[in-house]
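Close look at the chain arrangement
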Amino acid sequence: MIPNRLRSRLDAANRESRNQWRKVQGREDWQRFRDEKIRLLREAIGPFPQEVCDLRLQVVSTVEGEGCRIQNLVFQSRPGLWVSANLYVPAKPGESMPGLLICHAHHTPKEHGELQDMGVMWARAGCLVLVPDMLGHGERRQHPFRTPADYDKPFRVGRQDYYFRYDLGMQLHLAGETLMGWFAWDLRRCVDVLLSQRDVDSKRIIILGAVAGGGDPAAVAAALDKRITATVVYNSGGAEPESPYPLPEDAEAVFNFAGSGSFESTRNLRRSATDGFLPWVIVGAIAPRRLIYAHEFAWDRPRDPVWKRLETIWEFYDARGRLSGIHGRGSVKGGRPESTHCTHIGPIHRESIHPILASWFDISVTEDDEITERLGERSPTCTEAKLPPERATGVASRHWDLDTLRCMTPELARQLKPKRLCDLLPQRAAERISDVRNRRAAISPDARRERSRRDWASVLGSVTPPSAVKVLSVAKDDGLIEGIRVDRVRLEVEPGIVVPLVLLRPRGAGIESDGLPDKPSPVVVAVAHAGKDKFLQDRAGTIAELLAGGAAVCLPDLRGLGETKPAGSRERWGSLTAQASTALMLGDPMVAARLRDLRSVLAYLRGRSDLNATRIALWGDSFAATNPPERNFHVPRHMDDRPRWSEPLGGLLALLGALYEDKVCAVYVRGGLSDFASVVSEPFVYIPPDVVIPGVLTVGDVPDLAATLAPRPLRMDGLVDGFNRLRTAAEVWDIYRPTRQEYNRAGAADRLFLHDTTTSPAKWLLRQLAVN
């Protein structure tokens, strides 16, 4: 159901992209179109720093090589955030040298053999070549797993940087930033470093984006920074077609320009589908500067609709000679040597680059200069593609080990005190939230609530449900449970999205047995990640107590929950992550979609004559077992013994539902997340991806959301932190100071219950519903 709905919306985005492209008839049309899309891209990837900090560039050490030397550098990208990079310099620097910047793949950091080969080769050809560690990789990794000794069980050491991009992406989303935005800014500072070098030619600044996760940041950096003269982007600009190569004749009509979501947030940018800054637009925005549109494997050039668009764009500027396309052989599923796999940019791929750079920039690399044989020490993570025997020619190269190419030495780290992301984000979040709280404190309670609604809608997107909900079916099972009326209802809340729910009513509620109308009953609507079946299984006692007290209980399975949840793993590679990521591309976080579903359910309930529309309470629950405080949370990814995730969606939806529904008279939260700030305080994420709200920490946190409910009754029990550990009463009391202050100002301190253990949840709910 959800994949079909998401696919339908992506198809609509593709159609809109085609329609908009058809209207581009010349250079002026293109530039208006491009400028608007780039503006939206800038907004989506998060703000760049308002003030550019001093680079504080330091050459830590120098390594002498044959025909070149390597300077191990550190420089500051943001205050306290240091970049490690290797600068390859000709042994005899020229008077006007091209500057090359290589954005590595997500596979390995800067010391990989292919990266060393490119650095040495182009330095020998008279270029300055800068190879940085991207954020989260190599010396800039945020997790602690550097060697096999860093965990007491075997794990994939060389892949942890790649895996933890998932955590970095989610944490930056919560803070209103993106991993792509931080990558692009770091690459911009790398250009600053190149331009600070003596005798660099500012008209020959070239960025190369590697095959797996390097091309996309390189394309964005080039689109946003016109100091970059030429760009080589691998595997970026066009999503995979739905049909295999060769492409069909009507490729323009079937090609998936928008792509779809995955854990790799730099490949599926937030709002890219709905706002139309699709990969081909970003790559096209480089025009009329020079571009090598590169493919790791085979490429159907004549039928590729992206290539046709790129050709048209460059022709708008009479600059067709500044656009070139290159490719390898085979496919990602094929084996070597038939398929030209590489880790970053392999020798076979560089063979196609050399003549183009020679023509454009007089960078001369011959077949004899190309480094193809592998001698000497290798990087521990080196996974190089072997060349066919006939290709094993050229210059032999010694590969230096990590210690030789290390930039941030222990002594320098003690001096500079480099900060991690989990040091910076909590501070930034605290400053923004403090500012939000101060602005809201200056206005009236009603204005604060309205401001909060606008603020949360600004990060959620659409929160308004459809005006009409279609009831597909109502099945009555009055004999299923003695003394209980059971309605099984199916609601179509959006085209193709069906919400099944169970409504339990005590006999004597709504319609008496003699057919005479009875007083409409109040109702408790309960939501959780696990869905209605888990409520019936694990909260049967609470439900029975509510029914016995005269309240109806509604158990809906909002989209993707309960019986509609996706199959497969909940880990980074699973369908849950793919769906949540695709939803972000569409500007519609899963939390927002489920909030609309919940509001549609409430609208349906209010339309029933047997229920009291003014006496509705929300119950948000979690069925996830918590982690003990002593649990080790520093666990590598792709391990079976990782700590348990929390399931905070139920509580979050209950609070949001009450924010936007004034007629909700009480809210009960059990097992909810105490605060999103605790999710960004360590380099480990233990919340599911479908509860991530981009920018939530720019408009407030869970305590601020709870404060908007004052003076309505609110009870919150069993709250957990970002590691899914139970919060103590003292911790909750401290974290929820803003909530307590708001309830005190409203004269409703006695309606706020934090960490209450004196009354059963059912009795508390019945009391708020005024049911005796």
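Residues numbered from 1 in each chain as written. Predicted model: local features only at pLDDT ≥ 70, side-chain atom pairs only at ≥ 80, totals over all residues. Heavy atoms only, no water.

**A closer look at unusual backbone geometry**
For the bond running from Arg336 to Pro337, omega is 0 degrees, close enough to zero to count as cis. On the secondary structure map, Pro337 appears in the loop between strand E9 (323-326) and helix H12 (347-361). In this chain, Ala710 is followed by Pro711 through a cis amide linkage whose omega measures 10 degrees. Locating Pro711 in the fold gives a position in the loop between helix H22 (702-707) and strand E19 (714-717). Of note, the phi angle at Arg56 is positive, near 50 degrees, even though the residue is not glycine. The exposure class assigned to Arg56 is partly exposed, which follows from its relative accessible area of 41%. One non-glycine residue with positive phi stands out, namely Asp318, at about 55 degrees. Note that Asp318 resides in the loop between helix H11 (305-316) and E9. (Helix = DSSP H or I, 4+ residues; strand = E, 2+ residues; numbered from the N terminus. Buried < 20%, exposed > 50% of the residue type's maximum accessible area, 1.4 Å probe, protein only.)

**Some remarks on the packing of aromatic side chains**
Evaluation of the coordinates by the stated rule reveals 24 aromatic pairs. With centroids separated by 5.8 Å and ring planes inclined at 65 degrees, the aromatic side chains of Phe145 and Phe155 adopt a geometry described as edge-to-face. One end of the pair, Phe145, is in the loop between strand E5 (128-132) and helix H4 (160-163); the other, Phe155, is in the loop between E5 and H4, with 10 residues separating them in the sequence. The two residues Phe145 and Phe155 agree in class, both being buried. (Phe/Tyr/Trp six-rings, centres within 6.5 Å; stacked < 30°, edge-to-face > 60°.)

**Some points on the packing of helix H1 (residues 2-22) against H11**
Two elements in contact, H1 and H11, have axes whose closest approach is 13 Å; the angle formed by their N-to-C orientations is 30 degrees. Considered as vectors, H1 and H11 are oriented roughly parallel to each other. In the packing of H1 onto H11, the handedness of the crossing is left-handed. Facing H1, whose interface residues are Ser17, Arg18 and Trp21, H11 presents Arg309, Thr312 and Ile313. Per-class residue counts for the contact of H1 with H11 are 2 nonpolar, 2 polar and 2 charged. (Axes fitted to C-alpha atoms, helices over the stretch in contact; angles between N-to-C directions. Parallel < 35°, antiparallel > 145°, perpendicular 65-115°, else oblique. Left-handed = near helix turned anticlockwise from the far one by under 90°. Contact = heavy atoms within 4.5 Å. Nonpolar A, V, L, I, M, F, W, Y, C, P; charged D, E, K, R; others polar.)

**Some remarks on empty space enclosed by the protein**
For the coordinates displayed, the defined rule picks out 9 cavities of 30 Å³ or more. When its volume is computed, the largest cavity comes out at roughly 160 Å³. What lines the largest cavity is a set of 15 residues, and nearest its centre among them are Met170, His173, Ser265, Ser581 and Leu584. The residue inventory of the lining of the largest cavity, partitioned by class, reads 7 nonpolar, 7 polar and 1 charged. (1 Å grid on protein atoms, 1.4 Å probe; cavity = no way out; pocket = protein on both sides within 12 Å on 5 of 7 lines; lining within 4 Å. Points joined across faces, edges and corners; volume = space filled by probe spheres on them.)

**Side note on the environment of Pro79**
The residue Pro79 is located in the loop between strand E2 (68-78) and strand E3 (81-90) in this model. Under the relative-accessibility criterion, Pro79 is labelled exposed at 55%. Setting aside residues up to four positions removed in sequence, Pro79 forms contacts with Cys53 and Leu424.

**Notes on the side chain of Thr582**
By the element assignment, Thr582 lies in helix H18 (residues 575-585). You can call Thr582 buried: its relative accessible area is 6%. Here Thr582 is in contact with Leu6, Leu10, Ser260 and Gly261, once residues within four sequence places are set aside.

**Thoughts on the layout of surface pockets**
What the second largest pocket holds in volume is close to 810 Å³. As for the second largest pocket, its lining consists of 39 residues, of which Gly138, Glu139, Arg140, Arg141 and Arg146 are closest to the centre. Of all the elements in the fold, those that place two or more residues in the lining of the second largest pocket are E3, H4 and helix H13 (410-416). Considering each element in turn, the lining of the second largest pocket owes the most residues, 4 residues, to E3. Taken together, the residues of the lining of the second largest pocket break down into 15 nonpolar, 10 polar and 14 charged.

**Comments concerning the side chain of Arg505**
Mapped onto the fold, Arg505 is located in strand E14 (residues 497-506). For Arg505, a relative accessible area of 5% translates into the label buried. Only 2.9 Å separates the side chain of Arg505 from the side chain of Asp610, close enough to count as a polar contact. Dropping the residues within four chain positions of it, Arg505 is found in contact with Lys476, Gly483, Ile484, Arg485, Asp487, Leu547, Ala552, Arg608, Asp610 and Leu611. (Polar contact = N/O pair within 3.5 Å; in protein donor to acceptor, adjacent residues only side chain to side chain.)

**A word on helix H20 (residues 649-660)**
Across its 12 residues, H20 extends 16 Å between first and last C-alpha, which sits within 8% of the 16 Å expected from 1.5 Å per residue. Of all 12 residues making up H20, 12 are buried, and the element is well covered by its neighbours. Three or more residues of H20 are buried, namely Leu649, Gly650, Gly651, Leu652, Leu653, Ala654, Leu655, Leu656, Gly657, Ala658, Leu659 and Tyr660. (Expected span 1.5 Å × (residues − 1).)

**Focus: the pattern of salt bridges**
Applying the stated criterion across every chain, the model contains 58 salt bridges. Residue Arg227 is joined to Asp192 by a salt bridge in which the shortest nitrogen-to-oxygen separation is 2.5 Å. Placement of the pair is Arg227 in the loop between helix H7 (215-224) and strand E7 (230-234) and Asp192 in helix H6 (residues 179-195), with a sequence separation of 35 residues. Overall, the relative accessible area of 29% leaves Arg227 in the partly exposed class. Using a relative accessible area of 19% as the deciding quantity, one classes Asp192 as buried. What you see here is one network of salt bridges that share partners, running through Arg5, Arg9, Glu494, Arg559, Asp588, Arg596 and Asp597. (Salt bridge = Lys/Arg side-chain N within 4 Å of Asp/Glu carboxyl O.)

**Re the sheet that holds strand E6 (residues 200-209)**
As summarised here, the arrangement of the 9 strands in space is E1-E2-E3-E5-E4-E6-E7-E8-E9, forming an open sheet in which the pairing is mixed. Edge positions in the open sheet fall to strand E1 (58-65) and E9, since each of these has one partner strand only. Taking each pair of neighbouring strands and ignoring which way they run, the sheet shows an average axis angle of 20 degrees. Sheet analysis places E2 next to E3, joined by 10 bridges and oriented antiparallel. (Pairing = 2+ DSSP bridges.)

**Structural notes on the sheet that holds strand E16 (residues 552-556)**
The sheet built from 9 strands is open, its strands ordered E12-E13-E14-E16-E15-E17-E18-E19-E20 with mixed pairing. Of all the strands in the sheet, the pair left with one neighbour each is strand E12 (470-476) and strand E20 (752-754). Averaged over neighbouring strand pairs, the angle between their axes works out to 20 degrees when direction is ignored. Bridge count between strand E15 (residues 521-527) and strand E17 (residues 611-620): 6 bridges; the pairing is parallel. From the neighbouring strand, Val524 faces E17, where its bridge partner is Ala617. Lying on the sheet, helix H17 (residues 540-548) is in contact with strand E13 (484-494), E14, E15, E16 and E17; it crosses E16 at an angle near 140 degrees.

**Considerations on the pairing of E6**
Strand residues, when the strand is regular, have side chains that alternate between the two faces of the sheet. Counted residue by residue, E6 has 8 buried out of 10 residues, so it is predominantly covered. As judged from the 6 bridges shared by strand E4 (residues 97-103) and E6, these two strands associate in the parallel manner. Within E6, the residue paired with Gly99 across the bridge is Ile205. Pairing of E6 with E7, which is carried by 4 bridges, proceeds in the parallel orientation. From the neighbouring strand, Gly209 faces E7, where its bridge partner is Val233.

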